[in-house]
Every structure is written in C-alpha cells, then in structure tokens.
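One-letter residues, chain by chain:
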Amino acid sequence: MTASTIDGKAAALALREQVRDEVLRFRDTTGRAPGLAVVLVGEDPASAIYVRSKGKATREAGMESFEHKLPADAAEDELLALVDRLSADPTVDGILVQLPLPPQIDASKVITRIDPDKDVDGFNPVNAGRVAIGLPGFVPCTPLGCLKLLKAERGRLTGLDAVIIGRSNIVGKPIALLLLGESATVTVAHSRTRDLPEVVRRADIVIAAVGRPEMVKGDWLKPGATVIDVGINRIDVGEGTPRLVGDVDFASASEIAGAITPVPGGVGPMTIACLIRNTLVSAARREGFELETSL
Ligand code: NDP
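What comes next concerns the included structure. (Residues numbered from 1 in each chain as written. Predicted model: local features only at pLDDT ≥ 70, side-chain atom pairs only at ≥ 80, totals over all residues. Heavy atoms only, no water.)

### Side note on the overall build of the protein chain
Within the protein chain, the secondary structure is distributed over 10 helices and 11 strands. Compactness check: the protein chain gives a C-alpha radius of gyration of 19 Å against a globular reference of 19 Å for 295 residues, within 12% of the reference. Counting only C-alpha atoms, the protein chain reaches 55 × 45 × 35 Å along its principal axes. Pairs at least 24 apart in sequence give 69% of the contacts found in the protein chain among residues at least 6 apart. When the accessible surface of the protein chain is summed, it comes to about 13800 Å², and 52% of that surface belongs to carbon and sulfur atoms. Once the 34 positive and 39 negative side-chain charges of the protein chain are each reduced to a mean point, those two points are 2 Å apart. (Helix = DSSP H or I, 4+ residues; strand = E, 2+ residues; numbered from the N terminus. Rg over C-alpha atoms; globule rule 2.2 N^0.38 Å. Contact = heavy atoms within 4.5 Å. Areas by Shrake-Rupley, 256 points an atom, 1.4 Å probe, with all protein chains shown as cover. Lys, Arg positive; Asp, Glu negative; His and termini not counted. Charge placed at Lys NZ, Arg CZ, Asp CG, Glu CD.)

Okay, structure coming up:
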C-alpha cells in the first residue's frame, strides 16, 4: 500500500481564503479590520521568521497586524505592561506573545496575563480549561489544525482508536482533549510509555508530537492508519542547509499508512491558517458579528 499524502498547504490555503472572504464582510459591516498583535522579545532567528510569516498571513487576510518588538534584556514588567495595553486596546482582537521568552521573563505569568478573550494562541489557562470541559474558547492553533486535517480525511472520528505521542501543554494534551470531544478512543503516549510500537499498532489515527527525527517507523503502524506528523526537526545532512523532517519516518510509514501528512507542507501551514481563523473568530465575538461559514 502507498499512503495518500494529506496536503496541509492546500487545506491551509482554502481556510485562509474562507477567512479573507469573511473579513471582507466583517469590514463592510463594522467599518474596521480585525487586528492581531504579535509580540517578539529578543532576536531569536527562528522566532523572528515565525513572527514575520504571521504578520504577512494576517495582512493577506485583510486584517491589521500590529508588531511589537522588545529587546532581549526587556524586563518582565515591561512586557506585562505591554500585554495590559494590548488587552485594553479595542482595535486589537488577538494577542500572541512569541515563545520562547528570555530567561528573566516567566512565560506562564505573561500568558496568564493576556485577556482570555483575545488569547488566540489558546495558551491561557482559562482557554485550556474551556477546551478541557468543552466550552467555547480558543483552541491552540496546531492542535486545531491537526483536527481539521483529520476530519477532512476521515470524516466522523467517533469510536476510532487514536494514539497521540507527546503530552505537552501546547500540542499533545489539547489534541487529546479535542479527539475525546470527537468521541475517539484516546491514548496519550510519552517518554515513559512501555512498548510504544505495540501501543501505536492499535491506532486508526496516530499523531506524533515528540520532537525526535523520524522516530515512528512504518512497521509500528496498523495498515491503513491515518498519520499526522506534528514534528519539525532540522537534521544536518552535511551540505550546509539542514533538512526538515518530522517525527515519522515518511518513507517506511507511507508503505503502511492509509494517509500521512508530509513535513514540511502538512501541519505547519495549518497552524498559521488557524491563527488568523482564531483572530477573526475573536473579532466576530467581540463585535457580535455572525460568521457565514463554520471555519
Ligand atoms: P515537547 O518537547 O514539549 O514535548 C515532547 C513530548 O514527547 C513529551 O510529552 C515527551 O514525553 C514525548 N517524548 C519525548 N521522547 C519520547 C520518546 N522517546 N517516546 C515517546 N515520547 C517521547 O514538544 P512539543 O509538544 O512542543 O513539540 C513536539 C514537536 O512538534 C516538535 O518537533 C516541535 O517542533 C513540533 N511542533 C510543530 C508545530 C507546527 O506548527 N507544526 C507547532 C508546535 C510544535 P515526556 O512528557 O514524558 O517528557
């Protein structure tokens, strides 16, 4: 069997176009554009790239992008004061503080300070709690992107066995809660799980969010399984530019799986598309604007 490739790029483009259409209607009705504020502290090159592409996607969707840069030695109080200003600013519908933050700043304090109704990253404990008990809130963008890809591929997920490898607060745990909400039977594996290949072999759906290059092999999979690879790992292949690979060994997995996301071009593009989706949803909620599409 050769798995079909789940095209995250195309799915993300389609979602971004839907958002753009809704943004046009939002602007016509309310007289303003939805706004996303992105805060970058320091000069981390990977973070700077992420912030740039988030700003670009925001503008392409017809929204306002507010970019705030603080120096690497900024004090925690300075960042908290900025978060407070953005939380109070009526032109800002979404606030995102790019992680990681420098060591003098307590990231959890900053995230907790963001107005939960503008927390489009979904990292504030209030939103984590809402997701856990099935209340409307903001679902973190990568888990939401995974769910959208899965539903597009498998339709209803009711009763399917899902194994998630990884239990981080930003990826593994929220994905587990979302899949539980879809009535899948969910197993969360982690570094202490015994006989991981055997656990994975039970799964109709495998989500790998580990951070270990090509760890999941084809012979771990149940034939026909749907595989979502969240991992982004840079490996040195000795030619100057590192190669990007996922947590799944794509070559062997695509011999056994039914469908699989590539890296790059799978989950990654969906993350940004879900960020602008969450920003529009926030703006719509704050203005009492009704969206025509379910997004
Ligand atoms: P974390 O490092 O926070 O979590 C990794 C998880 O994997 C932990 O729960 C850990 O277990 C588990 N783990 C580590 N080693 C093993 C092992 N040998 N066997 C089984 N489980 C193991 O990572 P994140 O959740 O933040 O990210 C995971 C991956 O996803 C990374 O590659 C990251 O770059 C990528 N990512 C991609 C995004 C995208 O947009 N596509 C967005 C966010 C992340 P334990 O808890 O026991 O330590």
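### Re the side chain of lysine 118
Note on placement: lysine 118 falls in the loop between α4 (107–113) and α5 (125–133). Buried within the structure, lysine 118 lacks any salt-bridge partner; its nearest side chain of opposite charge belongs to aspartate 115, at an N-O separation of 5.2 Å. A polar contact is formed between the side chain of lysine 118 and the backbone oxygen of serine 87, at a distance of 2.9 Å. If we ignore the near neighbours within four places in the chain, the residues touching lysine 118 are Leu86, Ser87, Ala88, Asp89, Val92, Asp93, Gly94, Ile95, Phe138, Ser282 and Arg286. (Buried < 20%, exposed > 50% of the residue type's maximum accessible area, 1.4 Å probe, protein only. Salt bridge = Lys/Arg side-chain N within 4 Å of Asp/Glu carboxyl O. Polar contact = N/O pair within 3.5 Å; in protein donor to acceptor, adjacent residues only side chain to side chain.)

### Comments concerning the pairing of strand β3 (residues 64–70)
Here 7 bridges tie strand β2 (residues 35–41) to β3, and the two strands are oriented parallel to one another. Within β3, the residue paired with valine 41 across the bridge is leucine 70. Viewed along the sheet, the connection from β2 through helix α2 (residues 45–60) into β3 turns out right-handed. (Pairing = 2+ DSSP bridges. Right-handed = clockwise from strand over helix to strand, strands pointing away.)

### Quick look at the site of the ligand
The ligand sits among 22 residues. The nearest are Arg167, Ser168, Ser191, Arg212 and Thr271. In this structure, a nitrogen atom belonging to the ligand sits 3.5 Å away from a main-chain N or O atom of valine 230. Backbone polar atom of isoleucine 232 to an oxygen atom of the ligand: 3.1 Å apart, as the coordinates give it. Protein chains shield 69% of the accessible area of the ligand, which is 930 Å² for the free molecule. Considering every element that reaches the shell around the ligand, the biggest residue donor is helix α10 (residues 267–287), with 3 residues. The class makeup of the residues in the shell around the ligand is 10 nonpolar, 10 polar and 2 charged. (Near = heavy atom within 4 Å. Nonpolar A, V, L, I, M, F, W, Y, C, P; charged D, E, K, R; others polar.)

### A look at the side chain of threonine 279
Along the chain, the position of threonine 279 falls in helix α10. A distance of 2.9 Å separates a polar side-chain atom of threonine 279 from the backbone oxygen of leucine 275.

### With respect to the nonpolar core
With 50 residues, the main nonpolar core has Val19, Leu179, Ile207, Ile228 and Val230 as its most contacted residues. Elements represented by at least two residues in this core include exactly α1 (8–30), β2, α2, α6 (141–154), β5 (161–165), α7 (172–181), β7 (205–208) and α10. For leucine 179, the contacting residues outside a window of four places in its chain are Leu147, Leu150, Leu157, Ala162, Ile164, Ala184, Val186 and Ile207. If you look at the next biggest cluster of nonpolar residues, it comprises 18 residues, including Val163, Leu196, Val248 and Ala253. (Core = buried A, V, L, I, M, F, W, Y, C linked by side-chain atoms within 4.5 Å.)

### Things to note about the packing of aromatic side chains
Under the criterion given, the structure shown has 1 aromatic pair. Their ring planes at 75° and their centres at 5.3 Å tell us that phenylalanine 26 and phenylalanine 289 sit as a pair that is edge-to-face. Linking phenylalanine 26 in helix α1 with phenylalanine 289 in the segment after α10, this pair joins segments that are 263 residues apart in sequence. Pair check on accessibility: phenylalanine 26 and phenylalanine 289 agree, each one buried. The ring of phenylalanine 138 is capped by arginine 285, whose NZ or CZ atom sits 4.9 Å from the centre of that ring. (Phe/Tyr/Trp six-rings, centres within 6.5 Å; stacked < 30°, edge-to-face > 60°. Lys NZ or Arg CZ within 6 Å of the ring centre and 35° of its normal.)

### Description of the environment of glutamate 22
Along the chain, the position of glutamate 22 falls in helix α1. The spatial distance from the C-alpha of glutamate 22 to the C-alpha of serine 87 is 24 Å, given a sequence separation of 65 residues.

### Focus on the sheet that holds strand β11 (residues 259–260)
Here 6 strands make up an open sheet; going across it, the order is β1-β11-β8-β7-β5-β6 and the pairing parallel. Either end of the sheet is taken by a strand with one partner, and the two such strands are β1 (4–5) and β6 (185–189). As defined by bridge partners, strand β8 (residues 226–229) adjoins β11 across 2 bridges and the pair is classed as parallel. Following the sheet pairing, threonine 226 is matched in β11 by alanine 259. Across the sheet, α6 lies against β1, β7, β8 and β11, angled at about 160° from β8, the strand it touches most. Where α7 meets the sheet, it contacts β5, β6 and β7, and its direction lies at approximately 170° from that of β5. (Axes fitted to C-alpha atoms, helices over the stretch in contact; angles between N-to-C directions.)

### Regarding the pattern of salt bridges
As enumerated under the stated definition, the model contains 15 salt bridges in all. Note that arginine 32 is salt-bridged to aspartate 93, the shortest N-O span being 2.8 Å. Within this pair, whereas arginine 32 is found in the loop between α1 and β2, its partner aspartate 93 is found in the loop between α3 (76–88) and β4 (94–97), the two being separated by 61 residues in sequence. According to the relative accessible area criterion, arginine 32 is buried, its value standing at 19%. Between arginine 201 and glutamate 198 there is a salt bridge, with the nearest N and O atoms lying 2.7 Å from each other. Three or more residues are tied together by salt bridges with common partners; here these are Arg32, Asp93, Arg286 and Glu287.

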